[in-house]
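# Examination of the molecular architecture
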There are 2 protein chains.
Amino acid sequence: MSIRPTLAAVAARAGVSPSTASLAFADSPRVAPATRERVLAAAALLGYAGPDPLAASLRRGRSGVVGAFVGERLLYAFRDPVAVQLLDGITEVLGAHGVGLLLLAGDTGRPSAQQIARIPLDAAIFATCGLEDDPALSQLRARGVPVVGIEGPVADGVVLIDIDDRRGTRDLAHHLHDMGHRRIEMIAMPLRLDGTRGPVGKARRARNHYRDTRHRMEGAEDVFGPVPVYETASNAVDEGEAAGRVLLDVPAHRRPTAVIAQSDVLAAGVLRAAAALGLRVPEDVSVGGFDGADLPWLGETRLTTVVQPSDEKGRAAAQAAMDLVHGRPAEPVVLPVALRIGTTTGPPPG
Amino acid sequence: MSIRPTLAAVAARAGVSPSTASLAFADSPRVAPATRERVLAAAALLGYAGPDPLAASLRRGRSGVVGAFVGERLLYAFRDPVAVQLLDGITEVLGAHGVGLLLLAGDTGRPSAQQIARIPLDAAIFATCGLEDDPALSQLRARGVPVVGIEGPVADGVVLIDIDDRRGTRDLAHHLHDMGHRRIEMIAMPLRLDGTRGPVGKARRARNHYRDTRHRMEGAEDVFGPVPVYETASNAVDEGEAAGRVLLDVPAHRRPTAVIAQSDVLAAGVLRAAAALGLRVPEDVSVGGFDGADLPWLGETRLTTVVQPSDEKGRAAAQAAMDLVHGRPAEPVVLPVALRIGTTTGPPPG
DNA sequence: GCTCCTCGTCGAATCGATTCGATCCGCGCC
DNA sequence: GGCGCGGATCGAATCGATTCGACGAGGAGC
C-alpha cells in the first residue's frame, strides 16, 4: 500500500507497453477496445487510480490550475458581492474546461510573489486588484505565464477585461444633474491599500493605484467639474457608513444634496448613515451606487446604481485566460454598464 | 523569447553543473556564496525566473496546492459568512506554508471527480460539504491524497475537524426552556442539496446528508423532545425569511414561542419575516441562531446564538492537511462552542 | 610529511507520464 | 502470389528539475 503503482506497472500487468497504456487512459481511438479493457482491468487489480496529474502536467506543460488574485485578505474579498460574482463567473468557465481555480491574496507584495514561484499556474487573473508594480506580476511575466487583468493592471502583454466605469458614473451624474443637484460629493473605494481614509487631495490622487476608482471619479467630474472625494479604507458597508456620517453630519446648507458612492456596498453604508442621522432618502439626500449588486439587507429600498455585468466579467476573463493557455490570441474586452434608477435618488431638497 | 531557458542552460552559462545551480536556487548552505552569485547572475542574464514549479513538483512529489471543496456553486458558498471565515482560516495557514488554495465545487458528482483526476493536489479539505458517497472522495482516497473533513464526511482515513453542534444547540434550547418556552420549532439548513424545502418528515430525515444539520436537530430534541423541523433549500437569508413566514404567519395560539434557526443567516431571515409580520422580537417570538457570524445588516439587534470558532476550524483543518502532507499524523479535533445571549430571546408571551 | 576531515561541486539516477515516428501484422486487391 | 495499405502497438526521447552519494582539493592536526 505504501508504494503506489505506476502506469508502467499497469502496462506490464496488462501485457502492453506503457505507451499503449497511456493511450488507453487517454481514451484514444487508436487503441483497440479489447486492449483498453485489459488495461483498465489491470489498473483496477493494482488499485491504480489513473495517471499521476503531476507527471502528466510536466509532460504536457500545463497544470490545469489558474490563479486568481483578490485584494488583500480573502475575508474582505468575499464580503464584496462583486468579487464573489466575479469569482463565480470565473469558476463557471474554468470548470467547463476541467481547470481549477487557485485563490491568491494579491497586493500584498512578497508572500504572493513567493507562492507564484512554487505553485504551477497555467495562467493568472488579477480579479479585484491590480497594481502595475506588483512583484507577483513581474514574476508571472518573467515566467511567461499568461496574465489577464480585470480593470487592471495595465501592462505589456496583460489582456484587459474592462467595463466603462467612467461612462457609467457619468450617466449617474447626469441623472443627478438633470434633477437639479449641484452640490455632490463622492465616496471612493481605496485608492491604495494602506488603510487611509478621509478627504482625497491632489497628492493622494496622484498615487491612486486602481483604474476603476480613478475612472469613477472622472465620470462624476465630466458632469460636475471638481467633486470632493472622500476615501474609504476598504470596500465595506461600515466604511461607507463611517464616510457617510462624516459627509452628512453637517449643517444642511453645507451638506451635499447627493452622494455618489463608488460601490453599492459603500452606498448601503451611506443609507445607514443617513438613517442614523434622521435624514430621509431621497428627500433630504440622494444616494447613488455602482455595481448593481443585490444587497439582501436593503429591504424595500431600491438603490439607484450603475449596473455592471460582474459575472460576465468573470466569464470573459476566464475565457481569455483559457485562450491564452491554448496559445490562442485573446482580445481585450470592454463590457457595457447601465444606469438603473431606483428609489434613492430624487430632486434636491428646497 | 519563445523558448524559455532551463536550469541546465543557466548552469552551463554560469560554468557549474545543474546540480549546483539547483542548490543555488534552493538557497542551500552547501554552495559557496560566490558560486551562488554567479548562478544568479547567469539567470538574470538569460531571463530565467527560477526553477519550473511543475518539474520541481514532480520530483518532490508535491504540487503546493491544496483543494477545498465547498458546497454546490461557489456563489452560494461565498454568501455564507461561516464558509468565508473558514476559507479565510484555511488560507491563513496554507499561505504560511507557501501552499495555495484551490477552490472546488463539491457535492455535484461527476465534474469535480473529473477535475480531481487532472489537477495535482497535495491534500483535500471538505470545507462546507461532505458526502460519504461523493465520487470525488473515493477518487482522492484511491489516489492516496490525504483528506480532511470539516464536520464530515466520516470515512476511513479522513481526519475530522468538528465542533460540538449538538451540545451548542442543547445549550441554546436549555436557555429557551428555562425561560418557559414549550412550543418551539426549528429551521434547518438543507438536509441534502436537492432544492427541497418544507416540513421534515421521518423519511426525509433518514436521508440527511450532513452531520451538522443532524446534530443541531438532536441538540434541540435533547431538551424539548420531538421538535418540528422546517427545511430550507439553501443556507441563505431569503430562505430563512421564507421559512420564517411559514412558521410565524399563523394564529398566535399555534405559533411557536421560539424559533431555533440552524444558522445565523437563517435566523436573520426569520427576524425579517417577524418584522414583516409585525411581530416583536423577543416579546412575541424569540429567535436563536448558530454560528456567531457578524451580519452587518442586523443593525442594533444582537442575535442570541451559539458561537463557533469558524476561523479556528479553518486553521485546524489546514494544519491537519499540512501535517498529513508532510507525513505526520493528524489528530481529529473537536472545537468548543459557546452560547451567546443577545436581545432576540426572552420569556414567551402571555 | 602523512592522514583525516570538511567544504564545495559534480554525475547520474529518478520522478511518472506523453507523444511522435516507426514497426508489425493481416487483409484486400491486382 | 506479391504489393500496398491501414489499424494497432511499441520504443525511445522528452518534460525540467531534485538529490544522494561520490569525489577532489585544501586545511588542520599530530
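In what follows, the structure referred to is the one given above.
Residues numbered from 1 in each chain as written. Chains lettered and ligands numbered in written order. Predicted model: local features only at pLDDT ≥ 70, side-chain atom pairs only at ≥ 80, totals over all residues.

The next point concerns the overall build of chain A. Within chain A, the regular secondary structure consists of 14 helices and 13 strands. Expected size for 350 residues packed as a compact globule is a radius of gyration near 20 Å; at 26 Å, chain A overshoots this value by more than 25%. Dimensions of chain A, computed from C-alpha atoms along their principal axes, come out at roughly 90 × 40 × 35 Å. Across the 350 residues of chain A, 54% fall into the buried class. Within chain A, counting contacts between residues at least 6 apart in sequence, those at least 24 apart form 73% of the total. (Helix = DSSP H or I, 4+ residues; strand = E, 2+ residues; numbered from the N terminus. Rg over C-alpha atoms; globule rule 2.2 N^0.38 Å. Buried ≥ 20, exposed ≤ 12 C-beta atoms within 10 Å, placed from the backbone. Contact = placed C-beta atoms within 7 Å.)

Turning next to the relation of the copies chain B and chain A. It takes a turn of 180° to lay chain B on chain A, together with a shift of 0.1 Å along the axis; the resulting RMSD is 0.2 Å. Within this description, the copies of the chain are treated as partners about a two-fold rotation axis. Taking C-alpha positions as reference, the residue of chain B nearest the rotation axis is B:L102, located at 2.1 Å. Most of the interface of chain B is mirrored in chain A: 98% of its interface residues are interface residues there too. (Least-squares fit on C-alpha atoms with pLDDT ≥ 70 in both.)

The subject of this paragraph is the interface of chain B and chain A. Listed as interface residues are 44 residues of chain B and, on the opposing side, 43 residues of chain A. Looking at the side of chain B that touches chain A, the elements that each hand over two or more residues are helix 4 (53–60), helix 5 (74–79), helix 6 (81–96), strand 2 (100–106), helix 7 (110–118), helix 8 (135–143) and helix 12 (237–248) of chain B. Looking at the side of chain B that touches chain A residue by residue, the class counts come to 24 nonpolar, 14 polar and six charged. (Nonpolar A, V, L, I, M, F, W, Y, C, P; charged D, E, K, R; others polar.)

All names here are of chain A. Checked against the element boundaries, C129 lands in the loop between strand 3 (123–126) and helix 8 (135–143). For C129, a count of 27 C-beta atoms within 10 Å puts it in the buried group. Considering only alpha carbons, one finds C129 and V325, 196 residues apart in sequence, at a separation of 21 Å.

So far we have only geometry, and geometry alone does not tell us how the molecule works.
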